[in-house]
Amino acid sequence: MRPGRVPVSPRRRTAAPTVFTPRARTMLNSLIRFVVRRPELYILGAISTVLAAAVSASIVQLHLATRLYDIGRSHLLKAPFPLDSVQGMSNQLTLSLGDSILISTKVTIWLTGTLALLLLLSITHLVLRFRNLRETANYDPLTRLANRGRFQQVLSALACDPGAGNDLALMLIDIDYFKSINDTHGHDAGDAVLKELARRLEELPPGRRWIARLGGDEFALLVVANHIFGHSRHIAEALCRLMDAPFALDGRQVNVSVSVGISYMAQGAYTPEGLLKNADIALYSAKMAGRGTFRFFDPKLDAELKARLALECDLREAIHQNRLELHFQPLVDLQSQQTAAYEALARWNHPKLGAVPPQHFIKVAEEIGEMRTLGSWIIRQACHTARSWPDGIGVAINLSPQQFEGDDLLPLVEGVIRETGIDPFRIEFEITESLLISDKERVAGILQALKALGVRIALDDFGTGYSSMSYLHRFPIDKIKIDRSFVADMAHKPEAAAIIETISLLARRLGLTTTAEGIETEAQAIFLRSIGCDEGQGYYFAKPLPAETCCEWLGRRAAGSACSMPNVA
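Residues numbered from 1 in each chain as written. Predicted model: local features only at pLDDT ≥ 70, side-chain atom pairs only at ≥ 80, totals over all residues. Heavy atoms only, no water.

*Asks:* Sorry, what's going on with the overall build of the protein here?
*Replies:* A tally of regular secondary structure across the protein gives 19 helices and 21 strands. The proportion of buried residues among the 569 residues of the protein is 47%. Within the protein, contacts between residues separated by at least 24 positions form 68% of all contacts whose residues are at least 6 apart in sequence. (Helix = DSSP H or I, 4+ residues; strand = E, 2+ residues; numbered from the N terminus. Buried < 20%, exposed > 50% of the residue type's maximum accessible area, 1.4 Å probe, protein only. Contact = heavy atoms within 4.5 Å.)

*Asks:* What is the right way to look at the sheet that holds strand β6 (residues 208–215) in this model?
*Replies:* Whether parallel or antiparallel, the strands of a sheet pair through hydrogen bonds between backbone atoms. Pairing within the open sheet is mixed, and its 5 strands lie in the order β6-β7-β5-β10-β11. Whereas interior strands pair on both sides, the edge strands pair on one side only; in this sheet they are β6 and β11 (294–296). Adjacent strand axes in the sheet meet at a mean angle of 20°, parallel and antiparallel pairs treated alike. Against the sheet, helix α7 (residues 228–242) contacts β5 (167–175), β7 (218–225), β10 (258–264) and β11, and its axis sits at roughly 20° relative to β5. (Pairing = 2+ DSSP bridges. Axes fitted to C-alpha atoms, helices over the stretch in contact; angles between N-to-C directions.)

*Asks:* Looking at this structure, I do not really get the side chain of Ser 259. What am I missing?
*Replies:* Within the element layout of this structure, Ser 259 appears in strand β10. One polar contact links Ser 259 to Asp 176, side chain to side chain, over a distance of 2.7 Å. Excluding residues within four positions of it along the chain, Ser 259 makes contact with Leu 172, Ile 173, Asp 174, Asp 176, Leu 283, Ala 286, Lys 287, Arg 291, Gly 292 and Thr 293. (Polar contact = N/O pair within 3.5 Å; in protein donor to acceptor, adjacent residues only side chain to side chain.)

*Asks:* Before we go on, may I ask you to explain the confidence of the model for the protein in this structure?
*Replies:* Predicted coordinates in areas of low pLDDT are best not read in detail. Mean pLDDT over the protein: 77, with 72% of residues reaching 70 or higher. Confidence over residues 1–20 falls short of pLDDT 50; this stretch has 16 contacts with residues more than four positions distant or in other chains. Every residue in residues 34–116 scores below 50 in pLDDT, and together they form 164 contacts with partners more than four places removed in sequence or on other chains. (pLDDT = per-residue confidence, 0-100.)

*Asks:* Would you mind showing me how to read the nonpolar core here?
*Replies:* When a protein is soluble and globular, its nonpolar side chains tend to lie buried together. Of all hydrophobic cores here, the largest spans 79 residues; its most connected members are Phe 429 and Leu 528. The element contributing the most residues to this core is helix α11 (residues 371–386), with 8 residues. Setting aside residues no more than four positions away along its own chain, Leu 528 makes contact with Leu 334, Val 487, Met 490, Ile 500, Ala 516, Ile 519 and Cys 533. The next biggest cluster of nonpolar side chains, apart from the first, holds 35 residues, and it includes Ile 173, Ile 181, Leu 204 and Met 243. (Core = buried A, V, L, I, M, F, W, Y, C linked by side-chain atoms within 4.5 Å.)

*Asks:* What is the right way to read the environment of Phe 425 from this model?
*Replies:* Along the chain, Phe 425 falls in the loop between α12 (409–420) and β16 (427–431). For the pair Phe 425 and Gly 454, spaced 29 residues apart in sequence, the C-alpha separation works out to 5.4 Å. The residues contacting Phe 425, other than those within four sequence positions of it, are Gly 454 and Arg 456.

*Asks:* Would you take a moment to explain the packing of α12 against helix α14 (residues 440–453) for this structure?
*Replies:* Each packed pair of helices is defined by two parameters, the angle between the axes and the distance between the axes. Across the interface, α12 lies against α14 with an axial gap of 10 Å and an inter-helix angle of 10°. Here α12 lies roughly parallel to α14, going by the angle between them. For the pair α12 and α14, contact is made by Leu 409, Leu 410, Val 413 and Glu 414 and by Ile 446, Ala 449, Leu 450 and Leu 453, respectively. (Parallel < 35°, antiparallel > 145°, perpendicular 65-115°, else oblique.)

*Asks:* Any chance you could explain α12 here in plain terms?
*Replies:* The end-to-end C-alpha distance of α12, which contains 12 residues, comes to 16 Å, matching closely the 16 Å that a straight helix rising 1.5 Å per residue would cover. Here α12 has its buried residues at Leu 409, Leu 412, Val 413, Gly 415, Val 416, Ile 417 and Thr 420. On the buried face of α12, the contacting elements are α11, β16 and α14. Following α12 by one or two positions, Gly 421 adopts a phi angle in the positive range, close to 75°. (Expected span 1.5 Å × (residues − 1).)

*Asks:* Explanation requested: the packing of α11 against α12 in the structure shown.
*Replies:* One way to put it is that α11 packs onto α12 with a least axis distance of 10 Å and a crossing angle of 20°. Considering the angle they form, α11 stands roughly parallel to α12. Read as a crossing pair, α11 and α12 show a hand that is right-handed. In this structure, α11 uses Ser 376, Ile 379, Arg 380, Cys 383 and His 384 to contact α12, whose residues at the interface are Leu 409, Leu 412, Val 416, Glu 419 and Thr 420. (Left-handed = near helix turned anticlockwise from the far one by under 90°.)

*Asks:* It is not clear to me how the pairing of strand β15 (residues 394–398) should be interpreted in this structure. Could you clarify?
*Replies:* Each regular strand shows side chains that alternate between the opposite faces of the sheet. Within β15, 4 of the 5 residues are buried, leaving the element largely enclosed by the surrounding structure. Relative to β15, strand β13 (residues 339–350) is paired through 4 bridges, and the arrangement is parallel. Of the residues in β15, the one forming a bridge with Ala 344 is Ile 397. Where β15 and β16 come together, 4 bridges link them in parallel fashion. Bridge assignment links Ala 396 to a residue of β16, and that residue is Glu 428.

*Asks:* Would you mind showing me how to read the packing of aromatic side chains here?
*Replies:* How two aromatic rings sit relative to each other is set out by the distance from centre to centre and by the angle between their planes. Applying the stated criterion across every chain, the model contains 10 aromatic pairs. Ring centres of Tyr 264 and Phe 296 lie 6.2 Å apart, and the angle between their planes is 80°; on these two criteria the pair is classed as edge-to-face. Of this pair, Tyr 264 sits in strand β10 while Phe 296 is found in strand β11, placing the two residues 32 residues apart along the sequence. For Tyr 264, a relative accessible area of 12% corresponds to the buried category. On the basis of relative accessibility, which here comes to 14%, the residue Phe 296 falls in the buried class. (Phe/Tyr/Trp six-rings, centres within 6.5 Å; stacked < 30°, edge-to-face > 60°.)

*Asks:* Looking at this structure, I do not really get the pairing of strand β19 (residues 513–516). What am I missing?
*Replies:* Summarising the sheet, strand β18 (residues 479–482) and β19 pair through 4 bridges and their orientation is parallel. Residue Lys 481 lies in a different strand from β19, and its bridge partner there is Thr 515. One ladder, built from 2 bridges, connects β19 with strand β20 (residues 535–536); its direction is parallel. What sits directly across from Ala 516, in β20, is Gly 536.

*Asks:* Looking at this structure, I do not really get unusual backbone geometry. What am I missing?
*Replies:* Trans is the common state for peptide bonds, and a negative phi is the common state for residues other than glycine. Residues other than glycine seldom take positive phi values, yet Arg 291 does so here, at roughly 70°. Along the polypeptide, Arg 291 turns up in the loop between α8 (272–288) and β11. Its relative accessible area of 13% is what places Arg 291 among the buried residues. Positive phi values are uncommon outside glycine, yet Asp 461 reaches one of about 55°. Accessibility expressed as a relative area gives 27% for Asp 461, which makes it partly exposed.

Here's what the structure looks like:
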């Protein structure tokens, strides 16, 4: 300071309003468009004398976030894009969508160029969050495929205009027995199957197609092509080939199949609803055909589907109201000619259709998920009926693979044994080979636990399917039931008789009992006894009997009034 000069306090500068020049505004808009990837968000006019402190800026950001969230829940998810403009003029901050003002708030703080940019980037972050919400509303979070809502939008657009010379096909894809996968392997394994199927669907032949997950285990595929029938068949065949490869679940290889129903507009379904209905009918047809296949919609299928749905409804009602009944077919000791056991067989007398074949309604019960309920009723009812028979007469009960999926089979059997007081050794559970190849470790554990209760295990329909010899030592099997097809063929096919004789010899060496099914003539019974088969079952001895006549039949059999075979040296 120079001598004699009076010190003057430094002049306090007033922060000049920050005004974005056209070039600065253009650069800022470019930055925001790059981050948001949408051109609709613009900064209009000059921003001046707004926001002066970071604390106040945080308050405004909180206010923005709260208002945007509230508005977004009710409105923004339905709008093409949330924000049209952000305006800052004097002490007023305004955000608008079209003619509707979303936020208009008073602020009384200064804004530097840096804080303005931070505020705008914060708003951009909020916009991105709402954009993610829009994606969540249109895409399945597990598979990243389009969801049902997005699928409906695409389907409606393509149904209106698939393109010149093109036709539209809709393929509904459903995972077979997906509930069994969840019950047996857990929901994490089920999610893994869904994601892997989504990945495989992406590997289908290229073309104009859209893939979506509609929910649960149901997927949809929209296909646009000139020759739609041949093209959609080609894609369906490719999908079936892709499903041949097993799925890896918890370190194990599991076979998974899908059923596919296909409809296309050329069949007269000119609306999205019509396409969906026809594809759904075709999907039911694929399931009824044995699953793991595809079917095209046929107008005749509509009546069949209605009849099938009515049957499903009637069967479900009959199961839950105990309207089914049990009949019992004798298993006869071929050496002593005495009754060894009765096999419990479910029967359903429909009020309009009459007697429904068991091979039909049992399959339906499995497909609609009622087999565990029906199976539990059969076990309980059969054991209660067996209490009225002589102590030496056993009761054979068929078990469905679905009864092994949950954890209730063992407690059920334990409870029935306590409830009825029946000797567990009199109970014989029949299983099929298809059960043994599904989940060997789990099935073996359940069978061992059943054996520990004292019951016996029979392997039904032996000689068909895989007939792996390893089953006989890997699983606790007590009896082999030789399939009826060998018995029917042995009169004119020497190899069938040789197979039966070989199985009987093998069983004796392993200490197992053999039962031949489907015996219809005396000659068959005599031959089977001569080669060492232990038991016989079939119409030659008796048809399945109502429960109330079982004791009467035993009495007549003991008195010698029933059929008997001559002794064979």
